[in-house]
Amino acid sequence: MSYSNYDKVFKQLSVKPPKLQKYKKHNAPKARSCGRSLKRCRRCGRIRAHIGKYAIHVCRQCFRDIAVDLGFKKYG
Ligand SMILES: [Zn+2]
């Protein structure tokens, strides 16, 4: 289980509903009202290296990929 895809194991456990219920009960991420885990990348779901400036809300890795499409130009 990684933080980006908590529900990845749901596909495996779908054939065992009681196990799935138990898994959700004991492993569900804590519901948070604030903090950096709420600010996720829109594109890949990554938490760290979040860029929220200009309401972009992507991580730095995705920003590098899509910056030209967004209209950013690299100087120097
Ligand atoms: Zn990303």
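Quick notes on the rules
- Residues numbered from 1 in each chain as written.
- Predicted model: local features only at pLDDT ≥ 70, side-chain atom pairs only at ≥ 80, totals over all residues.
- Heavy atoms only, no water.
- Donors = N, O, S within 2.8 Å, 3.2 Å for Na, K, Ca; no water.
- Tetrahedral: all angles 85-135°; square planar, octahedral: opposite > 155°, others 65-115°.
- Helix = DSSP H or I, 4+ residues; strand = E, 2+ residues; numbered from the N terminus.
- Domains from an automatic or database assignment.

Only C41 (SG), C44 (SG), C59 (SG) and C62 (SG) from the protein coordinate the zinc ion, and they sit 2.2 to 2.3 Å from it. Considering all four donor atoms around the zinc ion, angles at the metal cover 103 to 114° and the coordination shape is tetrahedral. Sequence spacing of the donors to the zinc ion: C-x2-C-x14-C-x2-C. Taken as a pair, C41 in the loop between α2 (17–27) and β1 (50–51) and C62 in helix α3 (residues 60–70) lie far apart in primary sequence, 21 residues in all.

As a further point, take the domain arrangement of the protein. Along its sequence, the protein is organised into domain 1 (1–31) and domain 2 (35–76). Computed from C-alpha atoms alone, the centre-to-centre distance between domain 1 and domain 2 is 28 Å.

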